[in-house]
Amino acid sequence: MSRTHRVGIVGVGAIADFHARAIADLDNAEVVAACCRTEAKGRAFCDRHGGDWYPSPERLLDEAGVDVITICTPSGVHLEPAVAALDRGVHVLCEKPLEIDLARAGEIIAAAGRSTARLGGIFPQRFNPVVRAAHEAASAGRLGQVAAAVAYVPWWRDDEYYGPSRWQGTLRYDGGGALMNQSIHAVDAMLWLADAAGAGRPVEVTGLTAKRGHAADLIEVEDVAVATVRFSGGAVGVVLASTAMWPGTAMRCHIAGRDGTIEVHEKQVVTWRFRDEGPDDEEFRKVHGPGDGHGGAADPLAIDYSNHTRNIADFLAAIDSGEPSGVEADQAWQAVALIRAIYESAESGEPTPVAPFPSAAS
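None of these values were measured; they are calculated from a predicted model.

Chemist: How do you make sense of the sheet that holds strand S8 (residues 202–210) when you look at a structure like this?
Modeler: The strands making up a sheet are joined through hydrogen bonds of the backbone, oriented either antiparallel or parallel. In space, the 8 strands of this open sheet follow the order S13-S12-S11-S7-S10-S9-S8-S14, with mixed pairing throughout. Every interior strand has two partners, whereas the edge strands, strand S13 (268–274) and strand S14 (352–353), have only one. This element, helix H10 (residues 329–348), spans S8, strand S9 (224–231) and S14 of the sheet and lies at about 55° to S8.

Chemist: Teacher, can you tell me more about the layout of surface pockets here?
Modeler: Empty space among the atoms becomes apparent when a probe as large as a water molecule is rolled across them. Here the second largest pocket defines a volume of roughly 270 Å³. Taken together, 14 residues line the second largest pocket, and the ones lying closest to its centre are Leu171, Thr209, Glu222, Tyr343 and Glu347. Every element with two or more residues in the lining of the second largest pocket is listed here: S8 and H10. Per-element tally for the lining of the second largest pocket: the top contributor is H10, with 5 residues.

Chemist: Help me understand helix H2 (residues 39–49), please; the structure alone is not making it clear to me.
Modeler: Side chains three or four residues apart in an α-helix point the same way, a direct result of the helix having 3.6 residues per turn. Residues of H2 that are buried: Gly42, Phe45 and Cys46. One side of H2 carries all its buried residues, which in axial view fall inside an arc of 95°. In H2, those exposed residues whose orientation departs by more than 90 degrees from the buried face are Ala40 and Asp47. Looking at the buried positions of H2, the neighbouring elements they touch are strand S1 (5–10), helix H1 (14–24), strand S2 (29–35) and strand S3 (52–54). Two residues or fewer after H2 comes Gly50, characterised by a positive phi angle close to 95°.

Chemist: Even after reading the chapter, I still don't get the side chain of Glu99, so can you show me in this structure?
Modeler: For Glu99, the location among the structural elements is in the loop between strand S5 (91–94) and helix H5 (102–113). At a separation of 2.8 Å, a polar atom in the side chain of Glu99 contacts the main-chain amide nitrogen of Leu79. Excluding residues that lie within four positions of it along the chain, Glu99 makes contacts with Ser75, Gly76, Val77, His78, Leu79, Arg104, Ala105, Ile108, Met180 and Val336.

Chemist: How should the environment of Trp155 be read in this particular structure?
Modeler: With respect to the helices and strands, the residue Trp155 is situated in the loop between strand S7 (146–154) and helix H7 (178–196). As a C-alpha pair, Trp155 and Glu347 span 192 residues in sequence and 23 Å in three-dimensional space.

Chemist: For this particular structure, what's the right way to read the state of the cysteines?
Modeler: The bond known as a disulfide is covalent and runs between the sulfur atoms of two cysteines. Under the counting rule described, the total for this entry stands at 0 disulfides. Left unpaired, Cys72 is separated from the closest cysteine sulfur, that of Cys94, by 8.7 Å. Judged by its relative accessible area of 6%, Cys72 falls in the buried class.

Chemist: How do you make sense of the pattern of salt bridges when you look at a structure like this?
Modeler: Pairs may arise between side chains of opposite charge once their charged atoms sit close together. Scanning the entire structure with this criterion turns up 17 salt bridges. Of the charged contacts, one joins Arg43 and Glu39 as a salt bridge, the two residues approaching to 2.7 Å between their closest N and O atoms. Here Arg43 pairs with Glu39, and both are found in helix H2, just 4 residues apart, close to one helical turn. The shortest N-O distance in the salt bridge between Arg285 and Glu277 comes to 2.7 Å. Take Glu277: its relative accessible area is 39%, and that puts it in the partly exposed class. Each of Arg3, Asp67 and Asp320 takes part in one network of salt bridges that share partners.

Chemist: Please clarify how empty space enclosed by the protein should be interpreted in this entry.
Modeler: As enumerated under the stated definition, the model contains 1 cavity of 30 Å³ or more in all. If you add up the space inside the largest cavity, you get close to 30 Å³. For the largest cavity, the full set of lining residues is Gln125, Val131, Met251, Arg252, Cys253, Val264 and Glu266. Its residues placed into classes, the lining of the largest cavity shows 4 nonpolar, 1 polar and 2 charged.

Chemist: Explain the packing of aromatic side chains here, please?
Modeler: To describe a pair of aromatic rings, one takes the distance between the centres and the angle between the planes. Under the criterion given, the structure shown has 4 aromatic pairs. Ring geometry for Tyr161 versus Tyr162: centroids 4.9 Å apart, planes at 85°, classification edge-to-face. There is no split in this pair, since Tyr161 and Tyr162 are both buried. Ring geometry for Trp333 against Phe357: centres 6.1 Å apart, planes inclined by 85°, an arrangement best described as edge-to-face. One end of the pair, Trp333, is in helix H10; the other, Phe357, is in the segment after S14, with 24 residues separating them in the sequence. Using a relative accessible area of 6% as the deciding quantity, one classes Trp333 as buried. With a relative accessible area of 24%, Phe357 lands in the partly exposed category. Ring pairs connect the aromatic residues Trp272, Phe274 and Phe284, which therefore count as one cluster. Against the face of Phe18 rests Arg21, its NZ or CZ located 6.0 Å from the ring centre.

Parameters and conventions
- Residues numbered from 1 in each chain as written.
- Predicted model: local features only at pLDDT ≥ 70, side-chain atom pairs only at ≥ 80, totals over all residues.
- Heavy atoms only, no water.
- Pairing = 2+ DSSP bridges.
- Helix = DSSP H or I, 4+ residues; strand = E, 2+ residues; numbered from the N terminus.
- Contact = heavy atoms within 4.5 Å.
- Axes fitted to C-alpha atoms, helices over the stretch in contact; angles between N-to-C directions.
- 1 Å grid on protein atoms, 1.4 Å probe; cavity = no way out; pocket = protein on both sides within 12 Å on 5 of 7 lines; lining within 4 Å.
- Points joined across faces, edges and corners; volume = space filled by probe spheres on them.
- Buried < 20%, exposed > 50% of the residue type's maximum accessible area, 1.4 Å probe, protein only.
- Arc of directions from axis to C-beta.
- Polar contact = N/O pair within 3.5 Å; in protein donor to acceptor, adjacent residues only side chain to side chain.
- Disulfide = S-S within 2.5 Å.
- Salt bridge = Lys/Arg side-chain N within 4 Å of Asp/Glu carboxyl O.
- Nonpolar A, V, L, I, M, F, W, Y, C, P; charged D, E, K, R; others polar.
- Phe/Tyr/Trp six-rings, centres within 6.5 Å; stacked < 30°, edge-to-face > 60°.
- Lys NZ or Arg CZ within 6 Å of the ring centre and 35° of its normal.

Next up, the structure:
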């Protein structure tokens, strides 16, 4: 029987509520602490979800007796609590992105390399049952030689989302816009599926970014981006990311090759076709066919947290077993590396290489 993991949550914004609810659904974990610089906000969170409030990650780590933390701070301040925890031997499960640039992400990875504790990432689309089924099909070779992989996020965010008191849309804390914040989920899913299908890792991108749906003085980052991707195995990819496409429609991942095509919209499969049909394919299409769900297309709080539950459960199981988790450090790195390369390409106007995982730091 697995032990009960004592979990601390660092940062108590909207995504922290998802984490707390997900942990409450698990039999082998409990929230025992949360930290926030604002006492009233922190205590209100603990009143809702349990545990004790602490004013800083360091106080939480030193006094709460946690063995795992989940990091839910703004993206640009993941580094400090992650390193503080890993240096104390406390396991870290970090919300996407691992960090907003590769230097800061590399510091987290270096800390994990010298720690006895585990580092994992939150990428809940990997735990979406339809995306997992697509991964299994791709791994089994059902697509044949893969030709293309696509991540498509035609979302919308109102101006209030980027309000003056919010960190979203800032270079310092968001690190990017529609790509780094919202579309990183689909980018990671695309990379995961492409790798399973034999496409290899992304090696070069060409990108464009723009501000089209929000005033330039409202956001410091892009609200629309497009990019092409070249994979090491010869396949190509396409990324579209936006928070400027009203009213917002479903996130999509599409991967196809010589022998098959899979297209997923949120939790539904739109295309599930293979040259060699299996006995369960028609039933899969019936059960998981198109529906009405658009997830977080226009409302970031409309996301189903059940994939977070599976993601957290997977990480805790990896701690107990010593086996790899579903999102190890190198996988949390790759989506950030691709997105940073797109930003660099958009600025330079030139194709840009995608930085490989710093294996020496692992």
